[in-house]
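Report on the structure
The chain contents come next:
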Amino acid sequence: MVNTTLTADIVAKAALPILENQLGWVGKIHRAHEEEFSKTVNGYKVGDTISIRRPADFTVRTGATLSTQDVIEGKTTIVVDQQIGVDFQFTSTDLTLKVEDMAERIIKPAMTNIVNYMANDIATKMYQGAYHWVGTAGQTINSFADFYKGPERLNEAAIPMDGRLAILSPSDHAGMLGSQTGLYITNAANSAYRNGELGMIGGVDTYMSQVTPSHTAGTRDNTTPLTNGISQEVTYDTAKNTWTQSLVTDGWDSSCTLTAGDVFTIDGVYMVNPKTKANTSILQPFVVTANVTANQTTTSDTTITISPPIIVTGPHQTCTYSGNFDGRTITNIGTASTVYKQNMVFHKNCMSLAVVPMELPAAAYGAARREYKGFSVRVIPIYDGTNDISKWRLDLLYGRKLIDPRGVVRLSGTA
């Protein structure tokens, strides 16, 4: 191709297909709410926040007698507040390039960095709100039995079979590849051995992610924490919008910390089947949703914000227990102050991503915006006449929200 004088429109046009090709698992998560941000009311845009309804749920009546139930819908919000970009510059000589050269030398590395940042950010938000964690924290996933603990927990949580995805850290992905190469399944062994690909495993579309997030557990050293309160369950009506509640505890070491994303179980508190409400005999895991430091004395209460809320009756029941709730032992998953890779198996609809077209400022001469398959990139050139340099800013605006934490399982191997 002949050399072309680069313009913002050419840069944006070249950037978007590269972005789409680099997305991997990010391109498959829920995107249905983006159109809401493009709507106008009486000529004005809706703003940077929209509400998302949580689905209603019901219990099943037995017999012929009518038994009506209130329809209670919770809601959450998704905020488009993440502006990211890459800035670069050309000399006047560089401005005349082949489009192919420009795409390979400049745009591809820029878009790769943007995608990796977005993927890590989305995955971090996803794991920090997810309470299911299976396997033994710190152990590498290196067998089908290890891996399938993730889909198994999704099954226990009544999550749909279609649309399941997984992201594995490089070390866990390598462990799984090694387990696949010895199989007598020709296609699976070939893909693993020759291409380093896992593909579909147990109904889950599986990806390696170089930016799989890590979680550092709180300090919580030498603790014997307990619940402190005879009855701490809540109703769905009080927790429906946040899907969290406050849990009063005691017995933590003085000034120890719990970090958002820490997971623990409570002795005798069991997960229920979301459809039948039957006890599954699986201890219900709870995730800490906000950092907290324990009170200065071991006899003082420490209040923790947790998810899911402890709802023990009704259509939105999350768990069950018998007897007094007070004084139950809290068992933390993982070791204090230890870093753990956050592999995840999840349903694509549990997380919502909204990429929104950015405004073109009136004063930004030569600016351009391109949209491709639901993604939008804005490019603005800025000329530095003193140094004869053309500077360029490439921006992308998005929002992300974990809308159904039941559909995410954090996954480790087994000892």
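Remember, predicted model here, so these are calculated numbers, not experimental data.

Conventions we followed
- Residues numbered from 1 in each chain as written.
- Predicted model: local features only at pLDDT ≥ 70, side-chain atom pairs only at ≥ 80, totals over all residues.
- Heavy atoms only, no water.
- Helix = DSSP H or I, 4+ residues; strand = E, 2+ residues; numbered from the N terminus.
- Buried < 20%, exposed > 50% of the residue type's maximum accessible area, 1.4 Å probe, protein only.
- Contact = heavy atoms within 4.5 Å.
- Areas by Shrake-Rupley, 256 points an atom, 1.4 Å probe, with all protein chains shown as cover.
- Pairing = 2+ DSSP bridges.
- Axes fitted to C-alpha atoms, helices over the stretch in contact; angles between N-to-C directions.
- Salt bridge = Lys/Arg side-chain N within 4 Å of Asp/Glu carboxyl O.
- Phe/Tyr/Trp six-rings, centres within 6.5 Å; stacked < 30°, edge-to-face > 60°.
- Polar contact = N/O pair within 3.5 Å; in protein donor to acceptor, adjacent residues only side chain to side chain.
- Core = buried A, V, L, I, M, F, W, Y, C linked by side-chain atoms within 4.5 Å.
- Expected span 1.5 Å × (residues − 1).
- pLDDT = per-residue confidence, 0-100.

Within the chain, the secondary structure is distributed over 7 helices and 27 strands. A buried classification covers 46% of the 415 residues belonging to the chain. Restricting the contact set of the chain to residue pairs at least 6 apart, pairs at least 24 apart contribute 77%. Per element, the accessible surface of the chain, about 19,700 Å² overall, is 49% carbon and sulfur.

Taken in spatial order, the 6 strands make up an open sheet running β7-β27-β22-β8-β10-β9, and their pairing is mixed. Two strands lie at the open edges of the sheet, namely β7 (132–134) and β9 (199–201), each paired on one side alone. For this sheet the average axis-to-axis angle between neighbouring strands, irrespective of direction, equals 30°. As paired elements, strand β8 (residues 164–168) and strand β22 (residues 343–347) share 4 bridges and run antiparallel to each other. Bridged to L165 within β22 is F346. Those strands touched by helix α4 (residues 144–156) are β7, β8, β9, β10 (204–208), β22 and β27 (408–411), and its axis lies near 155° from that of β27.

Let us look at the pattern of salt bridges. Overall, the coordinates contain 8 salt bridges when judged by the stated rule. Salt-bridge contacts for R393 lead to D395; the nearest nitrogen and oxygen are separated by 2.8 Å. Assessed through its relative accessible area of 31%, R393 is described here as partly exposed. What emerges from the salt-bridge pattern is a single network uniting R378, R393 and D395.

Let us look at the packing of aromatic side chains. Following the criterion strictly, the structure yields 6 aromatic pairs and no others. Consider the rings of W133 and Y340, whose centres lie 6.0 Å apart with planes at 80°: the pair is edge-to-face. In this pair, W133 sits in strand β7 while Y340 sits in strand β21 (residues 339–341), placing the two residues 207 residues apart along the sequence. This pair shows no difference in class: W133 is buried, exactly as Y340 is. When the ring of Y236 is compared with that of W243, the centres are 6.0 Å apart and the planes differ by 70°; the resulting orientation is edge-to-face.

Before going further, it helps to examine the side chain of S209. Its place among the elements puts S209 in the loop between β10 and β11 (214–216). What makes S209 buried here is its relative accessible area of 7%.

For the bond running from S307 to P308, omega is 0°, close enough to zero to count as cis. With respect to the helices, strands and loops of the structure, P308 is situated in the loop between β18 (302–307) and β19 (319–320). Backbone geometry at W243 places phi at a positive 55°, although glycine is not the residue there. Mapped onto the secondary structure, W243 falls in the loop between α7 (236–239) and β13 (245–250). Of note in this structure, D388 is not a glycine but carries a positive phi near 55°. Within the secondary structure, D388 sits in the loop between β25 (375–384) and β26 (389–402).

Positionally, R370 belongs in strand β24 (residues 368–372). Classification of R370 as partly exposed rests on a relative accessible area of 29%. Along the chain, R370 and K13 lie 357 residues apart, while their C-alpha atoms are 6.1 Å from each other. In this view, R370 contacts D9, A12, K13, L16, F375, S376 and V377; residues no more than four positions away in its chain are not counted. Here the side chain of R370 touches D9 through a polar contact of 3.0 Å, side chain to side chain.

The side chains of a regular strand alternate, first on one face of the sheet and then on the other. Pairing geometry for strand β4 (residues 49–53) and strand β5 (residues 75–91), over 5 bridges, is antiparallel. If you follow R53 over to β5, its bridge partner there is K75. As paired elements, β5 and β26 share 11 bridges and run antiparallel to each other. In the strand pairing of β26, F88 is matched with W392.

With 48 residues, the main nonpolar core has W25 and F346 as its most contacted residues. Listing elements by their share of this core, those giving two or more residues are α1 (8–22), β5, α3 (99–128), β8, β22, β23 (351–356), β25 and β26. Per-element tally for this core: the top contributor is α3, with 13 residues. The contact partners of F346, leaving out residues within four places of it in the chain, are W25, I29, M126, L154, G163, R164, L165, A166, I167, G407 and V408.

Moving on, we get to the pairing of β24. In terms of strand pairing, β24 meets β25 through 5 bridges, oriented antiparallel. Note on β25: the bridge partner recorded for A368 is V379.

What follows is about α1. In a regular helix each residue adds 1.5 Å, so 15 residues correspond to 21 Å; α1 covers 21 Å between its end C-alpha atoms and thus fits that length. By the burial criterion, the buried members of α1 are A8, V11, A12, A14, A15, L16, I18 and L19.

With that settled, consider the confidence of the model for the chain. Looking at the chain as a whole, its pLDDT mean stands at 85, while 87% of the residues score no less than 70. Ignoring residues within four places in sequence, the model shows residues 192–196, a span with pLDDT below 50, making 9 contacts including any to other chains.

Another point: α4. When the terminal C-alpha atoms of α4 are compared, their 18 Å separation across 13 residues agrees well with the 18 Å that a helix rising 1.5 Å per residue should span. All buried positions along α4 are accounted for by D146, F147, G150, P151, R153 and L154. A158, located one to two residues past α4, shows a positive phi value of around 60°.

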